[in-house]
Amino acid sequence: MRARLVAEVLVGALGVAALAWAWHADLRYCERHFCTELVAYDSYQLGAAYCWRAGAALVGFLLLFIVRPRAGRWVEQRPPAARIAACGRITLALTLALVASEIGLRVLHLPRPKDKSKTIEVAIGEPNDRYGWLFTASKATVLDHAGNRKVEYAINAEHDRAPTVDAVPDHSKPSILFVGESLTAGHGLPWDETYPALVGDALGMQVVNLAVHGYGFDQQFLRLYDALPTFQHPVAIVTIFIRYMIDRMAEDTHPHLELELAGGHEPVLDPIDGFWHRSALVRAWWMTRPYRTDYPLELAAKIFRETDRLARERGATAIFLAPNQNYGSPRGDRYLLDELFTRQGLTVIDADFGYHPLQDDVHPDAPSTRRLADLVIASLRAKLAGG
């Protein structure tokens, strides 16, 4: 009788936990932990969010009212030795299944890594042990884009996109540093139409574009952390915020920045050659898992705080740019801006800039980029005028 009670209590507790989770998992929770880009931006994402909640409630009811009494009867009808033997067989079966899965995935060379062969970071970049990849220094490449557009990407000796290959910044001059990914790097646009170049022209100041295609927030922070000390007079640091950069931090394509990041300490990197990165089963789980923990958001918040601290230590101002690329009005990811910037006292530009993409692309076209630059120019002028 006691064994039956214990079994029913354990299964019932699981059922109650599932029901409690379903009660707690409202739309905002599901957006944060399940939805692509952390927002239910269409009917499919909205439906998926509600399905997770409904599924948890169904599991809870099944555990409480179907599985719980059956588990109790099963335990009651078997002697202790038989129960232990059954649990042992189940444990052994699960262990063997995990081992077989690991071996099978390795034999089949699965999961296959994310295909980057046709990306710009491969076309004009090279592998890098610290960042994952970096633009190849001292090289100019002309790439074809939709609409018969040919764009030159000139990379200077410091691995940064620049007007020409020979355009290396003067590290003694007042400079504005830009960090980010393809939007900041100026995907599909000639140099003089990128928003860092437009900001520099309007303010008459040297700009340094540290952005690299495909980066997450951790990679862009490392580039800033390494480059900032080399400039004698940084005036401002402009950091891009785009939602999918949060999930990029978890991709198995580069060393991961640890959450222990703190003022005055070197960033700690988790190398990609450890057991958890070599295991095919672990990599398959990370590639297919539907659930996102709070860790990426916590890390992003810390990165932005550190960016602001580094800027203030050098007498510079930190501005965070959050382009509204058809996110609605009011934008659906407003809760992220509040959590990551506003509540931390950081300056964020909620940039509703009339986004219009390039042909057959998702990156903003030249007129859109011009409007985005105007918002940055206005913010910087106000900041610099205020001292």
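Please refer to the structure placed before this passage.
Residues numbered from 1 in each chain as written. Predicted model: local features only at pLDDT ≥ 70, side-chain atom pairs only at ≥ 80, totals over all residues. Heavy atoms only, no water.

Caption draft 1: Region of interest: the side chain of E8. Tracing the backbone through its elements, the reader meets E8 in helix α1 (residues 2–24). A distance of 2.9 Å separates the side chain of E8 from the side chain of R4, its partner in a polar contact. Beyond its immediate stretch of four places on either side in the chain, E8 contacts R68, P69 and G72. (Helix = DSSP H or I, 4+ residues; strand = E, 2+ residues; numbered from the N terminus. Polar contact = N/O pair within 3.5 Å; in protein donor to acceptor, adjacent residues only side chain to side chain. Contact = heavy atoms within 4.5 Å.)

Caption draft 2: Spatial organisation of the packing of aromatic side chains. One pass over the full model with this rule turns up 16 aromatic pairs. Judged by centre distance (5.6 Å) and plane angle (80°), the rings of F178 and Y195 are edge-to-face. With F178 in strand β5 (residues 174–179) and Y195 in helix α7 (residues 195–203), the pair connects residues that are 17 residues apart, well separated along the chain. Taken individually, F178 and Y195 each receive the classification buried, so the pair is uniform in this respect. (Phe/Tyr/Trp six-rings, centres within 6.5 Å; stacked < 30°, edge-to-face > 60°. Buried < 20%, exposed > 50% of the residue type's maximum accessible area, 1.4 Å probe, protein only.)

Caption draft 3: Highlighting the pairing of strand β11 (residues 348–351). Only one face of β11 is covered, namely the one carrying I349 and A351; the face carrying V348 and D350 has none of its residues buried. Two elements, strand β10 (residues 317–323) and β11, share 4 bridges in a ladder whose sense is parallel. Note that in β11 the partner of A322 across the bridge is D350. (Pairing = 2+ DSSP bridges.)

Caption draft 4: A nonpolar patch on the surface, seen in detail. Together, L58, F61, L62, F65, I66 and V67 make up a nonpolar patch on the protein surface, roughly 560 Å² of accessible area in all. Along the polypeptide, F61 turns up in helix α3 (residues 43–76). Owing to a relative accessible area of 44%, F61 belongs among the partly exposed residues under this scheme. (Patch = residues over 30% accessible without salt bridge, like charges linked within 9 Å, V, L, I, M, F, W, Y side chains within 5 Å. Areas by Shrake-Rupley, 256 points an atom, 1.4 Å probe, with all protein chains shown as cover. Salt bridge = Lys/Arg side-chain N within 4 Å of Asp/Glu carboxyl O.)

Caption draft 5: Structural view of the nonpolar core. Grouped together as the largest cluster of nonpolar side chains are 76 residues, with contacts concentrated most on Y195, V199, F241 and F304. Per-element accounting of this core gives the leading share, 8 residues, to helix α12 (residues 295–313). Setting aside residues no more than four positions away along its own chain, F241 makes contact with F217, I246, F304, L321, A322, P323, D333, L336, L337, L340 and F341. In this structure, Y29, F34, A40 and A49 belong to the second largest nonpolar core, which totals 7 residues. (Core = buried A, V, L, I, M, F, W, Y, C linked by side-chain atoms within 4.5 Å.)

Limitation: the analysis is restricted to geometry and does not speak to function.
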